[in-house]
Amino acid sequence: MELEKLATSAVIAELSKTDRLSSFINSGDKEPCWDGNIYIHENKSRTKKNIKRVATQVKGKAVNPNKVKHTINYPISYDDLQAYMMNGGTLFFVVYLDEKTGNALQIYYADLLPIKIKEITKLNKTKYSVKCRKFPLDNLQKTELLLNFYDNAQKQASFAGKDLPTVEQLSKEGVLESLSIHYTSFGNYDTKNAFPKMLDGKSLTIYANIKGGTAPIPVEYYEAVSHVTMTNKNTLPISVNGRLYYVGFSVVTTAENVELHIGSSVRIIFPNTGKTDTPVSVSIKVCIKGTLSEQITAIEFVTAMIEHGSFCIGTSEIPSKFPQEELDRINAAAFSEILKGYKRAKEVLDSMNIKKDLNISECTDEDIDNLNLLIGTIGDCKLARENPNAPAQVTKLKIANLTLAIVYLENEKGGYNVWDYFGHHFCVTWREDSEERRISQFSTMDADDFLKFDNLNLDTIIKDYKMIEPSDWIFELGNATMLEMLKAYDQKPSVELLDAAKKMLEWMLENPEYTTAEVNLLNKLQIALRERKLTFNEKAELHTTIVNTSDEFIKIGAFLLLDEQDEAKIMLHALEPKKLEKFKEFPIYRFYKEAEEEKNG
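Residues numbered from 1 in each chain as written. Predicted model: local features only at pLDDT ≥ 70, side-chain atom pairs only at ≥ 80, totals over all residues. Heavy atoms only, no water.

A. How the structure looks around a negative patch on the surface. On the surface, D365, E366, D369 and E386 cluster together into a patch of negative charge. Tracing the backbone through its elements, the reader meets D365 in helix α10 (residues 365-379). By relative accessible area, D365 is classed as exposed at 67%. (Patch = residues over 30% accessible without salt bridge, like charges linked within 9 Å, V, L, I, M, F, W, Y side chains within 5 Å. Areas by Shrake-Rupley, 256 points an atom, 1.4 Å probe, with all protein chains shown as cover. Salt bridge = Lys/Arg side-chain N within 4 Å of Asp/Glu carboxyl O. Lys, Arg positive; Asp, Glu negative; His and termini not counted. Charge placed at Lys NZ, Arg CZ, Asp CG, Glu CD. Helix = DSSP H or I, 4+ residues; strand = E, 2+ residues; numbered from the N terminus. Buried < 20%, exposed > 50% of the residue type's maximum accessible area, 1.4 Å probe, protein only.)

B. Local environment of α10. The end-to-end C-alpha distance of α10, which contains 15 residues, comes to 20 Å, matching closely the 21 Å that a straight helix rising 1.5 Å per residue would cover. Taken together, the buried residues of α10 touch α9 (335-351), β18 (394-399), β19 (402-410) and β20 (416-420). Taken from the residues just after α10, C381 is the one with a positive phi, measuring 60°. (Expected span 1.5 Å × (residues − 1). Contact = heavy atoms within 4.5 Å.)

C. The arrangement of the layout of surface pockets in detail. Here the largest pocket defines a volume of roughly 700 Å³. The wall of the largest pocket is formed by 28 residues, among which N479, A480, L483, V519 and F586 lie closest to the centre. The set of elements that each furnish at least two residues to the lining of the largest pocket consists of α13 (472-491), α15 (517-529) and α17 (552-561). For the lining of the largest pocket, the element with the highest residue contribution is α13, accounting for 9 residues. Its residues assigned to classes, the lining of the largest pocket shows 14 nonpolar, 9 polar and 5 charged. (1 Å grid on protein atoms, 1.4 Å probe; cavity = no way out; pocket = protein on both sides within 12 Å on 5 of 7 lines; lining within 4 Å. Points joined across faces, edges and corners; volume = space filled by probe spheres on them. Nonpolar A, V, L, I, M, F, W, Y, C, P; charged D, E, K, R; others polar.)

D. Molecular detail of the environment of A500. Mapped onto the elements of the fold, A500 is located in helix α14 (residues 495-509). You can call A500 buried: its relative accessible area is 3%. Along the backbone, A500 and N372 are 128 residues apart, and their C-alpha atoms lie at a distance of 32 Å. Once residues lying within four places of it in the same chain are set aside, the contact partners of A500 are L458, I462 and M485.

E. Structural view of the sheet that holds strand β13 (residues 257-262). Pairing in this open sheet of 7 strands is antiparallel, and the strands run β15-β14-β13-β12-β11-β16-β17 from one edge to the other. Either end of the sheet is taken by a strand with one partner, and the two such strands are β15 (283-286) and β17 (316-319). Going across the sheet, the axis of each strand differs from the next one's by a mean of 30°, ignoring polarity. Helix α7 (residues 292-308) contacts β11 (230-240), β12 (243-253), β13, β14 (266-271), β15, β16 (310-313) and β17 of the sheet and is inclined by roughly 100° relative to β12. (Pairing = 2+ DSSP bridges. Axes fitted to C-alpha atoms, helices over the stretch in contact; angles between N-to-C directions.)

F. The packing of aromatic side chains, seen in detail. As enumerated under the stated definition, the model contains 23 aromatic pairs in all. Here the aromatic rings of Y96 and Y108 are separated by 5.1 Å at their centres, their planes lie at 70°, and the arrangement is edge-to-face. In this pair, Y96 sits in strand β5 (residues 90-98) while Y108 sits in strand β6 (residues 104-112), placing the two residues 12 residues apart along the sequence. The class for Y96 is buried, based on a relative accessible area of 7%. Relative to F301, the ring of Y246 lies with its centre 5.5 Å away and its plane at 90°, an arrangement referred to as edge-to-face. Linking Y246 in strand β12 with F301 in helix α7, this pair joins segments that are 55 residues apart in sequence. Relative accessible area serves as the criterion here: at 0%, F301 is assigned to the buried category. (Phe/Tyr/Trp six-rings, centres within 6.5 Å; stacked < 30°, edge-to-face > 60°.)

G. Local environment of the pattern of salt bridges. Under the counting rule described, the total for this entry stands at 34 salt bridges. Notably, a salt bridge pairs D111 with K116, separated by 3.1 Å at the nearest N-O pair. According to the relative accessible area criterion, D111 is buried, its value standing at 9%. The closest approach of N and O atoms between R243 and E300, which form a salt bridge, is 3.2 Å. Within this pair, whereas R243 is found in strand β12, its partner E300 is found in helix α7, the two being separated by 57 residues in sequence. When salt bridges with common partners are traced through the structure, they connect D111, K116, R133 and E223 into a single cluster.

H. Representation of the packing of α7 against α9 in the model. Two numbers describe how α7 lies on α9: the axes approach to 10 Å, and their chain directions differ by 145°. Taken as a pair, α7 and α9 cross one another with a handedness that is left-handed. Along its contact with α7, which presents L292, S293, Q295, I296, I299, E300, V302 and T303, the element α9 presents F335, I338, L339, Y342, K343, A345, K346 and L349. Of the residues contributing to the contact of α7 with α9, the split by class is 10 nonpolar, 3 polar and 3 charged. (Left-handed = near helix turned anticlockwise from the far one by under 90°.)

I. Spotlight on α17. For α17, the buried fraction is high: 9 of the 10 residues fall into the buried class. Residues of α17 that are buried: F553, I554, K555, I556, G557, A558, F559, L560 and L561. Those residues of α17 that are buried lie in contact with α15, α16 (536-548), α18 (565-574) and α19 (577-584). Measuring from the side-chain oxygen of the N-cap residue of α17 to the backbone nitrogen of F553 gives 2.8 Å; that N-cap residue is D551. Looking one or two residues past α17, D563 carries a phi angle of roughly 60°, positive in sign. (Polar contact = N/O pair within 3.5 Å; in protein donor to acceptor, adjacent residues only side chain to side chain.)

J. Broad picture of empty space enclosed by the protein. Overall, the coordinates contain 1 cavity of 30 Å³ or more when judged by the stated rule. Roughly 40 Å³ of volume is contained in the largest cavity. M85, P114, I115, K118, Q156, F159, A160, G161, K162, L164 and P218 together form the lining of the largest cavity. The element that contributes the greatest number of residues to the lining of the largest cavity is helix α3 (residues 114-120), accounting for 3 residues.

K. Representation of the side chain of T18 in the model. Mapping T18 onto the fold places it in the loop between α1 (3-16) and β1 (21-25). Using a relative accessible area of 3% as the deciding quantity, one classes T18 as buried. There is a polar contact of 2.7 Å between the side chain of T18 and the backbone oxygen of L15. Side-chain polar atoms of T18 contact the backbone nitrogen of L21, separated by 3.1 Å. When residues no more than four places from it in sequence are discounted, the contact partners of T18 are R46, N139, K142 and T143.

Below, the structure written as structure tokens:
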């Protein structure tokens with residue numbers, strides 16, 4: 001049995017069925033590594049104009065019909081692979097032939113592009129087992145395969161045998177401009193939804209476009225890609241009976257389906273035909289999930305769809321008939337009570353100035369108990385019966401992704417009142433020996449407190465300080481609180497924290513008799529420097545302060561704000577160890593560049 005002739009005939013026969021492919025393939029292995037070429041014609045007339053050529057090799061193998069699989073592995077020598085690579089690529093065929101009849105059972109192929117061969121031959125061996133896939137039966141797909149192989153071979157020919165950079169290397173060097181893939185399709189598609197279907201199962205090369213470069217560089221190769229997903233946003237409104245529920249939705253397209261993701265809980269699914277004129281069946285899937293706000297909107301939306309029997313995407317009305325088994329599955333009968341409870345929970349959380357949305361889907365039984373505690377005590381002003389571990393002190397309460405500060409105060413009639421720490425002013429005193437002083441309830445807060453509590457209300461903190469009778473003691477504590485705000489800002493910058501620090505400073509500037517002008521100046525300018533460069537006049541004020549002050553901390557702070565690093569370094573090294581550690585606690589120390597270097601390792 002002349003396997004090579006039978007194999008070559010089978011390949012030629014398959015190519016001859018197409019409109020644009022022809023071949024000249026020898027069956028006697030007369031060339032060192034190739035059997036011939038496949039030609040891609042510009043059109044169906046098969047003229048010689050703009051003809052494209054792909055080098056090919058054909059192998060035949062006699063097998064039992066039971067051996068036919070979706071993919072096979074075939075041995076190819078190192079020398080042949082190197083020859084294929086330096087040639088700019090080779091389309092390698094393996095034909096399984098019936099060992100008894102000689103009939104072609106299956107044609108397999110491997111698209112041996114330079115980047116793929118480079119990957120195959122990473123390990124130093126004399127022979128390699130190369131994966132081959134079924135050659136397509138569809139004539140358009142055959143043409144598509146050959147044309148894309150030719151295009152990629154042309155792009156990769158100049159890089160054959162060379163060491164190729166990785167995406168990570170190009171990115172680190174700062175020369176990576178963009179990444180791209182190139183694919184030509186002959187499928188009968190007429191919408192952009194066809195992209196995942198068109199690319200599913202295909203081999204793709206990713207090319208890097210570098211700054212100032214003329215040719216894209218092949219950097220990664222993927223064979224038989226699957227689970228291709230395309231996601232885009234649509235801004236059409238979603239409404240029911242004239243009421244708007246969502247402004248836009250996501251469209252998630254795979255090779256099999258197109259899904260419209262509406263909010264967190266509703267999916268509209270229909271088959272991806274890649275065409276605009278094909279009737280399709282549409283299904284609606286509901287799974288109530290997401291944050292508290294998302295679930296409230298989802299329940300309202302689904303309830304409206306059930307009651308009205310349809311919903312609108314833009315101006316297009318879509319039926320939404322739910323069978324009884326689906327209503328039972330989503331527990332629609334309980335929606336009214338669930339919605340009532342969720343809305344009450346949101347009212348209470350909103351009243352506590354909580355801007356982060358509660359991840360209600362992640363709530364444990366303990367989280368639900370804590371949420372009900374807030375609703376009952378802070379929301380409905382009922383007493384808590386459980387004895388807290390530390391009454392009259394700030395207690396941290398966790399509810400899923402929320403961390404809240406609350407205070408338990410014993411009620412004279414029994415039980416405990418529970419208060420939002422940032423929503424109520426408490427009369428707090430500090431007793432030292434026989435002296436008792438009124439202080440702000442927030443005077444013990446540190447930078448971490450400003451970042452971890454989700455019911456933080458910065459306006460309440462500022463008002464609380466202003467309510468207390470002015471004194472040196474109060475303004476010293478207020479200044480410390482403002483510095484902790486700046487330290488929190490440096491950890492996690494936010495406009496709210498910096499604005500609060502400015503308001504605290506304004507309060508101190510309105511009462512200059514309680515703080516020194518030098519401290520106020522440094523605080524004013526270190527706040528400014530976090531937003532912008534200092535002006536000439538501001539720098540002049542700092543130079544004057546350096547000359548006039550005898551306070552070494554003030555001098556060092558002024559040098560740092562002026563970015564006089566050498567002068568600041570000399571003074572810092574001259575400080576006693578305890579003083580140096582104390583100075584490092586001030587937020588102005590962040591402007592010392594060696595401190596940043598130490599922090600970054």
